[in-house]
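Single-letter residue listing:
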Amino acid sequence: MKHLKNSLSCTNPFCFFCTMDEPNPSLRNPKIAQCFKEMPLKDNQDHVLVLSSIWNIAMSQPNDPQFPSLGIFDCMGKLIGKGIKNKEWLLKDQNIYIPYYAAHIIGSYTMNNAESAEKAVTSGVVLPLMELLRGKITWVEQRVAVRALGHIVSHERIFQGNVIVEYEVEMTKLAMELACNCLNTVYKSFLGVQESKRLKYHCDLLTRGLGGEDIENKKAEEWAIQLQLWSLYLLNCFACQERYSCLNLICKKQFLKELCGMWGGVLGHKKSPGGIGVLRTLCNTKIGRENIANCEEIILSLCNTSRTSIDWQYLAIESLILLLKDKDTKFKVLEISASFLSDLVEHRKIGEAITQALLQDYHKIKYGFLNLKSKIQEEALKEIWELKVERRKKEEIISEQELEERKNLTRILKQQGNEEFRSGFIEKAVMEYTKALNFCPLKMRKERIVLYSNRAQCYLLLKKPESAISDTTRALCLSSNANPHNKSLWRRSQAYDMRGMAKESLMDCLMFINGRMKCEEGTKHVETIPYYATRMINKQMNATWLFGDGKLKSKVEEKNVELFNGGEEMMMMMIEIKEKQGA
């Protein structure tokens, strides 16, 4: 690090910047340790500059054990505690930034190292972080506090002590509240506030000095997403440890329903599992499976996600498979999921696992020992059996001559379907494509992709979006993950739009555009994004806006700005100081 001060004029024997310039580690390390001891005891304007520098080091070198071994956690914990207990100190000079940087530093040094996480806990950082999580300052500090706590509890060794156990129930409750309410809080306390009335230090942290309302708004949305996703990450850590008291809280029916909608926007965060990921983790526990299986709305949400282009598609599929493998939950889930999962049985990656989960008890249904309540689901299982078992066996022993005849007949029927479609006889085209699919050998994947996609286009024109989603999903399962069938993506995006499923439509449309751009790479003429796709994206982006709830769009006056559990007092003090400075 370059010396940020003039070392010749520095009279502080424990100046952090002078100490970092010391080349001899045996001299430098004791001085750094002393700096960390002195910092919480002194009132120095340089504290913010020092913490900002440490933050940069922690972000770029989170696995470096130097600072954790020299007392960084004790120092950061005490600085956060000082800011919470002493409001006058917190609002003096630039001290308001200190709790934010301190919590961020703790989170960075604990995210990859269990030993550092243990040092942080024994150094007493949990209580001050809990105070931030309770909302003793603002949502900005809550964001870094929940991040730090999530990293700490992600290490199994931490649960061997009593500190985390003491706070785990309250931590779970607070994380659940944040996950459910943080978007509303960020809107009401920042995005819905006039630019001139926003807290200056929030704006500075968000923009890093670049400024501008557009940048502030964009970053605030990102931070709101991160606040929700880090809250889910913390909950997921407790669920992974199968902490019984925590599981009972997380498995409340209303919260499980809300988890289905916590998808993190288009951004998301790599370390967070999102709402679907928490559900998947719960499906690894008995209590989780029982509670999820008893809610049809959650199963439907998992089924819908399993047939999408959303990153968490596989988490939804894994959740359903876990539920289907449990003898106590499988039939409840089968009554809902069979018709959805039947579209995925030819998926190149997980098709066989889905087939096995669905057909494990099919012999009981086939021979009348068991009847499903839903005939639709029973027919779906029958179709899977015929496709994946009976038809596969028949085609393994088919002669070359018969195979060639079926290929020729498939092409003829496909051509007839195309002619009926061009002539406007859409229902007849559906019939021809269906006949072609019945004759088409399973090995002719490319031909079957086109047939499913063409039939899906017919269903779109016939205003049958569910059938179109089913056929396009089957076409996409037959194509490769690296190169999905582009027409099917666009057609499914349209079908989702007809169903009012904006999130799913948006993701397919983005995948469609990405596929077009890949196809055009290396060509001399690169087309612009089609107007119809741009229009779809704009429509769905507006529909899926994180703060789209009507009450969030209402005009928020300064007196209505709210913070969690105690932040109101600090906000009023800051407003008073601002008014005095203005006077």
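As the structure is a prediction and not an experimental result, all values here were calculated from the model.

### Section: the overall build of the chain
Point 1. A count of helices and strands for the chain gives 32 helices and zero strands.
Point 2. The contacts of the chain with a sequence gap of at least 6 include a subset with a gap of at least 24, amounting to 71%.
Point 3. Summing over all exposed atoms, the chain offers an accessible surface of approximately 27,600 Å²; the carbon and sulfur share of this is 51%.

### Here we look at the packing of helix α25 (residues 426-439) against helix α26 (residues 445-461)
Point 1. The N-to-C vectors of α25 and α26 enclose an angle of 155 degrees; their axes lie 9 Å apart at closest approach. Classified by the interaxial angle, the pair formed by α25 and α26 is roughly antiparallel. Of the two possible hands of crossing, α25 and α26 adopt the one that is left-handed. Residues Ile 426, Ala 429, Val 430, Tyr 433, Thr 434, Ala 436 and Leu 437 of α25 form the contact with α26, whose own contacting residues are Arg 448, Leu 451, Tyr 452, Asn 454, Arg 455, Cys 458, Tyr 459 and Leu 461.

### Here we look at a nonpolar patch on the surface
Point 1. On the surface, Leu 409, Ile 412 and Phe 439 cluster together into a nonpolar patch covering about 240 Å² of accessible area.
Point 2. A relative accessible area of 31% places Leu 409 in the partly exposed class.

### Overview of the confidence of the model for the chain
Point 1. Of all residues in the chain, 89% attain a pLDDT of 70 or more, and the chain-wide mean is 88.
Point 2. Mean pLDDT values for the elements of the chain range from 43 in helix α31 (residues 550-553) up to 98 in helix α27 (residues 465-478).
Point 3. Note on residues 1-8: pLDDT under 50 across the span, and 16 contacts to partners over four residues away in sequence or across chains.
Point 4. Confidence over residues 550-573 falls short of pLDDT 50; this stretch has 53 contacts with residues more than four positions distant or in other chains.

### Details of the packing of helix α7 (residues 98-110) against helix α10 (residues 139-153)
Two packed helices can be described by the angle between their axes and the distance between those axes.
Point 1. Between α7 and α10, the shortest axis-to-axis distance is 8 Å and the interhelical angle comes to 20 degrees. Judged on the interaxial angle alone, α10 and α7 are roughly parallel. In this structure, α7 crosses over α10, and the sense of that crossing is left-handed. Contacts from Pro 99, Tyr 100, Ala 103, His 104, Ile 106, Gly 107, Ser 108 and Thr 110 of α7 reach α10 at Val 140, Glu 141, Arg 143, Val 144, Ala 145, Arg 147, Ala 148, His 151 and Ile 152.
Point 2. When the residues that make up the contact of α7 with α10 are grouped by side-chain class, the tally is nine nonpolar, five polar and three charged.

### Quick look at unusual backbone geometry
Point 1. Positive phi is not limited to glycine here, since Asp 93 has a value of about 50 degrees.
Point 2. Summarising the element assignment, Asp 93 is placed in the loop between α6 (87-90) and α7.
Point 3. The class of Asp 93 is partly exposed, set by a relative accessible area of 47%.
Point 4. The backbone of Lys 463 sits at a positive phi, close to 60 degrees, despite the residue not being glycine.
Point 5. Looking at where Lys 463 falls in the secondary structure, it is placed in the loop between α26 and α27.
Point 6. The exposed category is assigned to Lys 463, whose relative accessible area is 64%.

### Section: the nonpolar core
Point 1. Phe 36, Leu 129, Met 171, Leu 279, Leu 282, Ile 292 and Leu 381 are the most contacted members of the largest nonpolar core, which totals 149 residues.
Point 2. If we skip the residues at most four places from it in the chain, Leu 381 touches Leu 334, Ala 338, Leu 358, Leu 359, Tyr 362, Ile 365 and Leu 372.
Point 3. Residues Tyr 452, Tyr 459, Tyr 496 and Met 501 belong to the second largest nonpolar core, which totals 23 residues.

### Let's talk about the packing of aromatic side chains
Remark: the centre distance and the inter-plane angle together describe each pair of aromatic rings, the angle taken between the planes.
Point 1. Within this structure, the stated rule accounts for 19 aromatic pairs.
Point 2. Ring geometry for Trp 139 against Trp 223: centres 6.4 Å apart, planes inclined by 75 degrees, an arrangement best described as edge-to-face. Taken as a pair, Trp 139 in helix α10 and Trp 223 in helix α13 (residues 213-240) lie far apart in primary sequence, 84 residues in all.
Point 3. Connected via pairs of aromatic rings, a cluster forms that spans Trp 55, Tyr 100, Tyr 101, Trp 139, Phe 190 and Trp 223.
Point 4. One residue, Arg 143, lies across the ring of Trp 223, its end atom 3.9 Å from the ring centre.
Point 5. When the ring centre of Trp 55 is taken as origin, the NZ or CZ atom of Arg 208, which lies over that ring, is 4.5 Å away.

### Topic: a negative patch on the surface
Point 1. A cluster of acidic side chains, namely Glu 400, Glu 402, Glu 404 and Glu 405, defines a negative patch on the protein surface.
Point 2. Residue placement: Glu 404 occurs in helix α24 (residues 400-422).

### As for empty space enclosed by the protein
Point 1. Enumeration over the complete set of coordinates arrives at three cavities of 30 Å³ or more.
Point 2. Roughly 60 Å³ of volume is contained in the largest cavity.
Point 3. Put simply, the parts of the chain that give the lining of the largest cavity at least two residues each are α20 (330-341), α21 (351-359) and α22 (362-366).
Point 4. With three residues, α20 is the single largest residue contributor to the lining of the largest cavity.
Point 5. Split by residue class, the lining of the largest cavity holds seven nonpolar, one polar and two charged.

### Points about α21
For an α-helix the count is 3.6 residues per turn, leaving residues at separations of three or four pointing the same way.
Point 1. Buried within α21 are the following residues: Gly 351, Ile 354, Thr 355, Ala 357, Leu 358 and Leu 359.
Point 2. Where α21 is buried, its residues touch α19 (313-325), α20, α22 and α23 (375-396).

### Some details on the environment of Ala 33
Point 1. Checked against the element boundaries, Ala 33 lands in helix α2 (residues 25-38).
Point 2. Taking relative accessible area as the criterion, Ala 33 reaches 18% and is therefore assigned buried.
Point 3. In this structure the C-alpha to C-alpha distance between Ala 33 and Cys 75, which are 42 residues apart in sequence, comes to 9.5 Å.

### Description of the pattern of salt bridges
Point 1. One pass over the full model with this rule turns up 37 salt bridges.
Point 2. Residue Lys 92 is joined to Asp 43 by a salt bridge in which the shortest nitrogen-to-oxygen separation is 3.0 Å. Pair noted here: Lys 92 is in the loop between α6 and α7 and Asp 43 is in the loop between α2 and α3 (47-60), with a separation of 49 residues, a long-range link.
Point 3. Judged by relative accessible area, Lys 92 falls into the partly exposed class, the value being 40%.
Point 4. In this structure, Glu 395 and Arg 391 form a salt bridge, with 3.3 Å as the shortest nitrogen-oxygen distance. With Glu 395 and Arg 391 both in helix α23 and four residues apart, this pair spans about one turn of that helix. The burial state of Glu 395 is the same as that of Arg 391; both residues are buried.
Point 5. The structure contains a network of salt bridges with shared partners spanning Arg 307, Asp 343, Glu 383, Glu 466, Arg 474 and Arg 499.

### Things to note about the side chain of Glu 141
Point 1. When you line up the elements, Glu 141 lands in helix α10.
Point 2. One buried charged residue, Glu 141, remains without a salt bridge, the closest side chain of opposite sign being Arg 143 at 9.5 Å.
Point 3. Beyond its immediate sequence surroundings of up to four residues, Glu 141 is in contact with Ile 96, Pro 99, Tyr 100, Leu 132 and Tyr 201.

Cut-offs and rules
- The numbering scheme is per chain: residues are counted from 1 as the chain's sequence reads.
- Where local features are concerned, this predicted model is filtered to residues with pLDDT of at least 70; where side-chain atom pairs are given and counted, the filter is 80 or more; whole-chain, interface and lining totals use all residues.
- Heavy atoms throughout the structure, all of them, feed into the side-chain values; hydrogens and water do not.
- For the purposes of this entry, the term helix denotes a DSSP run of H or I that reaches at least four residues, the term strand denotes a run of E that reaches at least two, and both are numbered from the N terminus.
- Note on definitions: a residue-residue contact is assigned when non-hydrogen atoms from the two residues lie within 4.5 Å.
- Working definition of accessibility: Shrake-Rupley area with a 1.4 Å probe, residue cover restricted to the visible protein chains.
- A fitted line through C-alpha atoms represents every axis, and for helices the fit uses only the stretch in contact; the resulting angles, taken between N-to-C directions, go from 0 to 180 degrees.
- Just so you know how the angles are binned, under 35 degrees is roughly parallel, over 145 roughly antiparallel, 65 to 115 roughly perpendicular, and the rest oblique.
- Definitions for this section: a left-handed crossing has its near helix turned counterclockwise from the far helix by less than a right angle. A right-handed crossing has that turn clockwise.
- Here a patch means residues that are over 30% exposed by relative accessible area and free of salt bridges, tied together within 9 Å if like-charged and within 5 Å if nonpolar (Val, Leu, Ile, Met, Phe, Trp, Tyr).
- Think of a salt bridge as a Lys or Arg side-chain nitrogen and an Asp or Glu carboxyl oxygen that are within 4 Å of each other.
- Working definition: with a 1.4 Å probe on protein chains only, accessible area under 20% of the residue-type maximum means buried, over 50% means exposed, and in between means partly exposed.
- Note: pLDDT gives the predictor's confidence per residue, expressed from 0 to 100.
- For this classification, Asp, Glu, Lys and Arg are treated as charged, while Ala, Val, Leu, Ile, Met, Phe, Trp, Tyr, Cys and Pro are nonpolar and the rest, including Gly, are polar.
- Put simply, a nonpolar core is a bunch of buried Ala, Val, Leu, Ile, Met, Phe, Trp, Tyr and Cys residues held in one set by side-chain atoms that sit within 4.5 Å of each other.
- Aromatic pairs are defined between Phe, Tyr and Trp rings, using the six-membered ring for Trp, whenever the two ring centres lie within 6.5 Å; interplanar angles under 30 degrees are classed as stacked, those over 60 as edge-to-face, and all others as tilted.
- We call a charge positioned over a ring when the NZ of a Lys or the CZ of an Arg lies within 6 Å of the ring centre and within 35 degrees of the ring normal.
- Asp and Glu are treated as the negative residues and Lys and Arg as the positive ones, with His and the ends of the chain left uncounted.
- By convention, charge coordinates are those of NZ in Lys, CZ in Arg, CG in Asp, or CD in Glu.
- With a 1 Å grid laid over protein atoms only, a set of points is called a cavity when a 1.4 Å probe fits there but cannot get out and a pocket when it is open yet has protein on both sides within 12 Å along at least five of seven lines; lining residues have an atom within 4 Å of a point.
- Grid points are joined across faces, edges and corners, and a volume is the space filled by probe spheres set on the points.

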